[in-house]
Amino acid sequence: MMSYTVNIKLSSRTLTGALNAQNKTAVDWGWQGLIAYGCHSLVLVIHSTTAQTVQVLEKHKANVVKVKWARENYHHNIGSPYSLRLASADVTGKIIVWDVATGTARCEIQEYTKPIQDMKWLWNQDASRDLLLAVHPPNYIVLWNADTGTKLWKKSYAENILSFSFDPFDPSKLTLLTSEGIVFISDFSPAKAPVSSGKKVYVSSPHSSPAHSKPPAATGAKKALNKVKILITNEKPSAESVTLNNCLQLAHLPSKRNHMLLLYPREILILDLEVNQTVGVIAIERTGVPFIQVIPCQQRDALFCLHENGCITLRVRRPNCNDVCAPNEDPDTDQAVQELTYDLRCQCDAIRVTKTVRPYSMVCCPVNENAAALIVSDGRVMLWELKSIVLGPNMHYSMSGASPLYSPVSFCGIPVGPQQKRVPDLSLDCMIAGQSMISGEERSKAPLQQEVHLKFLLTGLLSGLPLPPFVIRMCPALTTKNLKHYQPLLAIGTSNGSVLVYHLTSGLLHKELSIHSCEVKGIEWASLTSFLSFATSTPNNVGLVRNELQLVDLPTGRSIAFRGERGNDEPAIEMIKVSHLKQYLVVVFKDKPVELWDIRMCTLLREMSKSFPAVTALEWSPSHNLKSLRKKQLAAREAMARQTVVPDTEFLSVESSVISLLQEAESKAELSQNISAREHFVFTDTDGQVYHLTVEGNTVKDGARIPPDGSMGSISCIAWKGDTLVLGDVDGNLNFWDLKARLSRGMPTHRGWVKKIRFAPGKGNQKLLVMYNDGAEVWDTKEIQMVSSLKSGRNVNYKILDVDWCTSDKVVLASDDGCIRVLEMIMKSASFRMDEQELTDPVWCPYLLVPRASLVLKAFFLHQPWSDQYSLDISQLDYSENEEVKSIVQEQMNALSNDIKSLLLDPEFCLLQRCLLVARLFGDESELQFWTVAAHYLHSVSQGKQPALPGTDGTFQKQENPLDICYDILCENSYFQKFQLERVNLQEAKRSTYEHTKKCADQLLLLGQTDRAVQLLLETNAENPSYYCDSLKACLVTTITSSGPSQSTIKLVATNMIANGKLAEGVQLLCLIDKAADACRYLQTYGAWNRAAWLAKVRLNEDECAEVLKRWVDHLCSSHINQKSKAILVLLSLGCFTRVAEMLHSMRYFDRAALFVEACLLYGAIEVNDNTNRFIYSVYADYARSLKTIGLRQGAILFASKAGDVGKELLKELQELKKEQNT
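Not measured: the values here are computed from a predicted model.

Peer 1: Before we go on, may I ask you to explain the overall build of the chain in this structure?
Peer 2: Secondary structure assignment for the chain yields 24 helices and 62 strands. Among the 1223 residues that make up the chain, the fraction classed as buried is 56%. A separation threshold of at least 6 residues defines the contact pool for the chain, and within that pool the share at least 24 residues apart is 55%. Of the roughly 52,600 Å² that the chain leaves accessible, carbon and sulfur atoms contribute 51%.

Spelled out as structure tokens, the structure:
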């Protein structure tokens, strides 16, 4: 009979536990919907919705300190597909760029040997998506090509760099947080290192501010905080003042340009970088819990804050009030002080903080900004989701007097009616209206808006293993008899007395059982659903302990004290061994005779005499007489059956021995549902002598004794399978006995004490797993040679605590880094392919699909005009792909939530909304930004055909729901002007030095607020060197007339000033005489493109502004700038839809171009004539070709048919292909 090996499909995996302190900031939530975090030298990837571990990346040899997902801010197609790219960095300075789906390293970077302080992917370049900026201690920033590992440039600075932050509105601006202050870099470029050393400023700690001088009364808190005036200076603070070293974090606000936050343990400072001044302070009361991290949101001006007790709070900026004090009033009066106020809107539950359990860091969902994940030091990941609750008409909710929050009018970019479907919790901007929206008395103007209250809900929890040490034991092996109900369960005994049972197919915790009161020392399975575990307490002063031996039934969780009342004040249990048939248990003590128990009856069969030798190693034999007993039992049953059909007289002729055997078998079957078979075990004593004992029922017979082998030291472990017996000793020797041939062979391993040896399961499988103090080996006992080896300090940086086989070709290792690894027999740590993993819950992640399939899925969601109604069944689609790929695509669709499915199936859910929703589902940053702006302005075009109504300030409002200020230059001019006036009001209220006053006056002049500007200019002290100039300037501003000669003179002076390097002053003069259009041209000529766009938005009419912005678009499209994506957004805001479509087509964004053209035609935004028709046909034809490339023939035929003459040939070709397929 041929031998075979039993195996089941178990993927290699790693179960992780508590984190290392150096992993504290190694966490990131990607646009792809996955969270990555460091655990010792591993990188774990979990799914953010289902909280399942989907990948463990293992290649670092040291603790991971940073992880960063690549941004998705680019157009995806078959050449640039959706892919999972992640960069991780460790304490030795090594950076690894991963392909997470396959678990392989794409690139390894190592030049320096110190821990990476910070790193980020560059997001703004259309040309390259592979650039990674890293801070290498102490003071280098290095730009790497993360695809090739090439260093592009390096720049050093004077101070130690702690972290950095990119300006989300201007890619050329980078801010460094250093050990002494802040460095502003304004000439950052991927092409070359910054030339200048940046502008260095110093920040005085807020602890020296009046806010901390004494505990203020609640009413006076704002007044005290308002006195935190100058925080940023160009001079180094004096030695006695506390400086920046307790600043925890620096970050630009993505919700509005030129604002930054500084995080301190007890306050968050909001800085306006135009005037380098604090414009808002969020302070914690003295009894409050300090901050450890803050994440500013982009969609709304809100902050996720993490506190030291693990509580996450959400603070949302209060809309500007009208009752702020006038600039000339004393801010110390009791009137309200003008500043940015962030109200606490909701908070989640805190965790129980101990010495070993504390919050490490928090990440926020970058796509929807409606969820946060908390990483805890014990390995837990808690997923908190924001939920909005609509309050009824008579209900009002507010926290500490904060103004109410309202739901937005629009959903997915388009205003919706009360009857239309919407998912209110889809994203932050779907939950609460923006700052531009209504407040207070304006409530009645928008009846569709409802007051909402926010709350956090715990939607996911991933628990880690407890702290090591561990003991592990795999359940009995898979056989043909238990195939139907087998589960691959691993029992893990922990130091706190609990036993965790993990299901190794899914990697999830199956059961956690609190069984013991002290450290678990060993586990042995008694069946597939029950196990024995023992624990020993700390020895008392005479060396005695409390032994706990429990028999646990897994389905019920019931555990019984196996040894009854025994166990107190006795020598420690050293090992327990269950017999091969799970009938008997041997308990070996340190200085006490061995006990032999019947497992089924929980009875003590024999306690050996005191003269019984001390046991150093023991193992049960796999041989037994069960088969012969069963044959006898069967024969007796047959005999009994025969007697029931023969005459009574013949009954006496049945042998009495058969009857007695039958009665004995039946009585035993009643008691234990099994037969008591004869089993054997061998053990060695301290001299190395081998003893052989036989157990049958309650009798124990002494067998042969084999004298010690002189070449072996003290025997430490024994393994027995078939005819092979292996002994290991404390000196690292292995002795292989062939019982059939009566041969033995010794092999020195030179690895020291052999702590454990174990045969692999499966008939004929003679592999042996050997554990040493410094690692493990796998041996082939047939060939008597080593198969694989793992050594601490050489192959790996962790120490092995316990080992076992989990299948016939996979081993499981417990290690001192708190992890348990399932590895192939070669014991090489390797990550797995994510698509091969069996997960308990379906996971929505289109990035796991092959490129063609992910693009088909996206197209399928976006439009199904070939069908009468929308469907989420891929089988109804003419899609030329193999069935396996189709089923995976269908699984992805099935993994969507019911809310999302109902939206996708809703016929009233328009194309623009669909494009926005799919961009969110795919985490496509580029698409999300494009379709948000496109939907807004296409909708405003249809609204704009109605006459505009004059606003309260005399300007004409096109719509009541402008684009939020996070879109900056892309906003409507009227709203942009309003925001800039509010901002300069705030700057004015906060000014404290002449420099700040001068900046405010300059800004007011540009905004056309001449009266207030004059007021500020006249405040200059007579002692100030600029007193005379400012006085003359005030006179000039007030006496300017529109007469020809004065205008000509001022224009001449202005142009001369600009020519002589005084650009800002010349621009001011031009604005005074209403020549802002000329001023914008000069600014653009001298490279101040952003400033020119700003001025055009606040001073020019729509036509003049559009001219300025169109010149900016041409500049952005130039080859040396290469920011066409930004140029397209600017064109959208100008309503140049035809040019947008042409640019998309020229950039080969065929899918986006075709969908945009369709949307424009629906809204009547593109004029249809012969020229545009030709262009539209070419767009549709190219999109049809791209659909054909990815195999979506049905869609390709539809768009080819729409392409008129241009698509004729393609349509013919596609129809012929369809005919061929049908035949």
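The structure having been displayed, the exposition proceeds.
Peer 1: Is there a simple way to explain the sheet that holds strand β48 (residues 690-696) in this structure?
Peer 2: Adjacent strands of a sheet form backbone hydrogen bonds with each other and so pair up, either parallel or antiparallel. As summarised here, the arrangement of the four strands in space is β46-β47-β48-β49, forming an open sheet in which the pairing is antiparallel. Bordering the open sheet on either side are β46 (617-624) and β49 (699-706), each of which pairs with just one other strand. Each strand axis lies, on average, 25° off the axis of its neighbour in the sheet, ignoring direction. The pairing of β48 with β49 spans six bridges and is antiparallel. Within β49, the position partnered with Leu693 by the bridge is Asp702.

Peer 1: Help me understand the pairing of strand β36 (residues 498-503), please; the structure alone is not making it clear to me.
Peer 2: Among the six residues in β36, six count as buried, and that is most of the element. Neither face of β36 is exposed, since Ser498, Leu500 and Tyr502 on one face and Val499, Val501 and His503 on the opposite face are all buried. With five bridges joining them, strand β35 (residues 489-493) and β36 adopt antiparallel strand pairing. Within the sheet, the bridge partner assigned to Gly493 lies in β36 and is Val499.

Peer 1: I keep staring at the pairing of strand β58 (residues 800-807) and nothing clicks. Help me out?
Peer 2: Looking down a regular strand, the side chains alternate between one sheet face and the other. Most of β58 sits inside the fold, with seven of its eight residues counted as buried. Pairing of β58 with strand β59 (residues 810-815), which is carried by six bridges, proceeds in the antiparallel orientation. Paired with Asp804 across the strands is Val812, a residue of β59.

Peer 1: Honestly, helix α23 (residues 1193-1202) in this entry has me stumped. Any pointers?
Peer 2: For the α-helix, the turn length of 3.6 residues means that residues three or four positions removed from each other point alike. In terms of burial, α23 is a largely internal element, seven of the 10 residues being buried. Buried within α23 are the following residues: Arg1193, Gly1195, Ala1196, Ile1197, Leu1198, Phe1199 and Ala1200. Positive backbone phi, approximately 60°, marks Gly1204, located one or two places after α23.

Peer 1: It is not clear to me how unusual backbone geometry should be interpreted in this structure. Could you clarify?
Peer 2: Generally, phi is negative for residues other than glycine and the peptide bonds are trans, each holding for most cases. Between Pro137 and the following residue, Pro138, the backbone shows a cis peptide bond with an omega angle of 0°. Within the secondary structure layout, Pro138 lies in the loop between β11 (131-136) and β12 (140-145). Backbone torsion omega between Pro468 and Pro469 reads 10°, so that peptide bond is classified as cis. Relative to the elements of secondary structure, Pro469 occurs in the loop between β33 (451-462) and β34 (471-474).

Peer 1: I keep staring at a negative patch on the surface and nothing clicks. Help me out?
Peer 2: A contiguous patch of negative charge, built from Glu1102, Asp1103, Glu1104 and Glu1107, is present on the exposed surface. As for its position among the elements, Asp1103 is in helix α18 (residues 1102-1117).

Peer 1: Sorry if this is basic, but what is going on with the pattern of salt bridges here?
Peer 2: Charged atoms that come close allow side chains of opposite charge to pair. With the rule as written, the count across this model stands at 58 salt bridges. The salt bridge partner of Arg71 is Glu925, with a shortest N-O separation of 2.5 Å. Taken together, the positions of Arg71 in the loop between β6 (64-69) and β7 (85-90) and Glu925 in helix α9 (residues 925-944) put the pair 854 residues apart, joining distant regions of the chain. With its nearest N and O atoms 3.1 Å apart, the salt bridge here joins Asp702 to Arg705. Classification of Arg705 by relative accessible area gives partly exposed; the value is 48%. A network of salt bridges, in which partner residues are shared, links Arg563, Arg566, Glu570, Lys592, Glu595 and Glu607.

Peer 1: Would you take a moment to explain the confidence of the model for the chain for this structure?
Peer 2: The predicted structure's coordinates, where accompanied by low pLDDT, should not be read in detail. Per-residue pLDDT for the chain averages 85, and the proportion of residues at 70 or more is 87%. Below a pLDDT of 50 lies the segment residues 322-336, which in the model reaches 16 contacts outside its immediate sequence neighbourhood of four places, other chains included. Predicted confidence for residues 946-959 stays below pLDDT 50, and this span has 17 contacts to residues more than four positions away or in other chains.

Peer 1: For this particular structure, what's the right way to read the side chain of Glu777?
Peer 2: Mapped onto the elements, Glu777 comes out in strand β56 (residues 775-780). We classify Glu777 as buried; its relative accessible area is 5%.

Peer 1: Which parts of the structure should I look at to understand the sheet that holds strand β8 (residues 95-99)?
Peer 2: An order of β6-β7-β8-β9 is seen for the four strands of this open sheet, with the pairing classed as antiparallel. For this open sheet the edge positions go to β6 and β9 (104-109), each flanked by a neighbour on one side alone. Here the average twist between neighbouring strands, direction ignored, is 20°. Relative to β8, β7 runs antiparallel, the two sharing five bridges. Within β8, the residue paired with Ala87 across the bridge is Val97.

Peer 1: Before we go on, may I ask you to explain helix α16 (residues 1076-1085) in this structure?
Peer 2: Burial runs high along α16: seven of the 10 residues are buried. Residue Gly1087 follows α16 closely and has a positive phi angle near 85°.

Peer 1: Sorry if this is basic, but what is going on with the nonpolar core here?
Peer 2: Of all hydrophobic cores here, the largest spans 185 residues; its most connected members are Phe861, Leu1095 and Phe1156. Excluding residues that lie within four positions of it along the chain, Phe861 makes contacts with Trp844, Leu872, Met893, Leu896, Leu904, Arg914, Val918 and Phe922. Of all hydrophobic cores here, the second largest spans 32 residues; its members include Met474, Ala491, Ile515 and Val812.

Peer 1: Can you walk me through the packing of helix α7 (residues 898-905) against helix α8 (residues 911-921) in this structure?
Peer 2: Think of two packed helices as two axes; the pair is described by the angle between the axes and how far apart they sit. At a minimum axis separation of 11 Å, α7 and α8 run at an interaxial angle of 150°. Classified by the interaxial angle, the pair formed by α7 and α8 is roughly antiparallel. Crossing angle aside, the handedness with which α7 passes α8 is left-handed. Between α7 and α8, the residues in contact are Ile900, Leu903 and Leu904 and Arg914, Leu917 and Leu921, respectively. Class assignment for the residues of the contact of α7 with α8 results in five nonpolar, no polar and one charged.

Peer 1: Looking at this model, I keep getting lost on the packing of aromatic side chains. Mind explaining?
Peer 2: Scanning all chains against the criterion turns up 23 aromatic pairs. Ring geometry for Phe681 versus Phe683: centroids 6.3 Å apart, planes at 35°, classification tilted. Each member of the pair, Phe681 as well as Phe683, carries the same accessibility label: buried. Lying across the ring of Tyr798, Arg821 places its NZ or CZ 3.8 Å from the centre.

Peer 1: Looking at this model, I keep getting lost on the environment of Trp525. Mind explaining?
Peer 2: Here Trp525 is to be found in strand β38 (residues 520-527). The spacing of Trp525 and Arg473 is 52 residues in sequence and 7.7 Å in space, taken between C-alpha atoms. Within the structure, the side chain of Trp525 is placed 3.0 Å from the backbone oxygen of Arg473, a separation counted as a polar contact. Within the structure, the side chain of Trp525 is placed 3.4 Å from the backbone oxygen of Met474, a separation counted as a polar contact.

Peer 1: I tried to follow the environment of Arg315 on my own but got confused; where do I start?
Peer 2: With respect to the helices, strands and loops of the structure, Arg315 is situated in strand β25 (residues 312-317). Along the primary structure Arg315 and Arg345 are separated by 30 residues, whereas in three dimensions their C-alpha atoms are 5.5 Å apart. Discounting residues that sit within four places of it in the chain, Arg315 has contacts with Ile282, Phe291, Asp301, Ala302, Leu303, Cys305, His307, Tyr342, Asp343 and Leu344.

Peer 1: Sorry, what's going on with the packing of helix α11 (residues 994-1007) against helix α12 (residues 1010-1017) here?
Peer 2: Relative orientation of the contacting elements α11 and α12 amounts to 160°, with a least axis distance of 8 Å. With respect to each other, α11 and α12 are oriented roughly antiparallel. When you trace α11 past α12, the crossing you get is left-handed. Residues Thr997, Cys1000, Ala1001, Leu1004 and Leu1005 of α11 pack against Arg1012, Ala1013, Leu1016 and Leu1017 of α12. Counted by class, the contact of α11 with α12 contains seven nonpolar, one polar and one charged residues.

Peer 1: What exactly am I supposed to notice about the state of the cysteines here?
Peer 2: What is meant by a disulfide is a covalent connection between two cysteines, made through their sulfur atoms. Applying the stated rule across the entire model yields zero disulfides. Unpaired in terms of disulfides, Cys364 finds its nearest cysteine sulfur in Cys297, a separation of 5.1 Å. Free of any disulfide, Cys1071 has its nearest neighbouring cysteine sulfur in Cys1080, separated by 7.1 Å. Overall, Cys1071 belongs to the buried group, its relative accessible area being 2%.

So, how was this worked out
Residues numbered from 1 in each chain as written. Predicted model: local features only at pLDDT ≥ 70, side-chain atom pairs only at ≥ 80, totals over all residues. Heavy atoms only, no water. Helix = DSSP H or I, 4+ residues; strand = E, 2+ residues; numbered from the N terminus. Buried < 20%, exposed > 50% of the residue type's maximum accessible area, 1.4 Å probe, protein only. Contact = heavy atoms within 4.5 Å. Areas by Shrake-Rupley, 256 points an atom, 1.4 Å probe, with all protein chains shown as cover. Pairing = 2+ DSSP bridges. Axes fitted to C-alpha atoms, helices over the stretch in contact; angles between N-to-C directions. Patch = residues over 30% accessible without salt bridge, like charges linked within 9 Å, V, L, I, M, F, W, Y side chains within 5 Å. Salt bridge = Lys/Arg side-chain N within 4 Å of Asp/Glu carboxyl O. Lys, Arg positive; Asp, Glu negative; His and termini not counted. Charge placed at Lys NZ, Arg CZ, Asp CG, Glu CD. pLDDT = per-residue confidence, 0-100. Core = buried A, V, L, I, M, F, W, Y, C linked by side-chain atoms within 4.5 Å. Parallel < 35°, antiparallel > 145°, perpendicular 65-115°, else oblique. Left-handed = near helix turned anticlockwise from the far one by under 90°. Nonpolar A, V, L, I, M, F, W, Y, C, P; charged D, E, K, R; others polar. Phe/Tyr/Trp six-rings, centres within 6.5 Å; stacked < 30°, edge-to-face > 60°. Lys NZ or Arg CZ within 6 Å of the ring centre and 35° of its normal. Polar contact = N/O pair within 3.5 Å; in protein donor to acceptor, adjacent residues only side chain to side chain. Disulfide = S-S within 2.5 Å.

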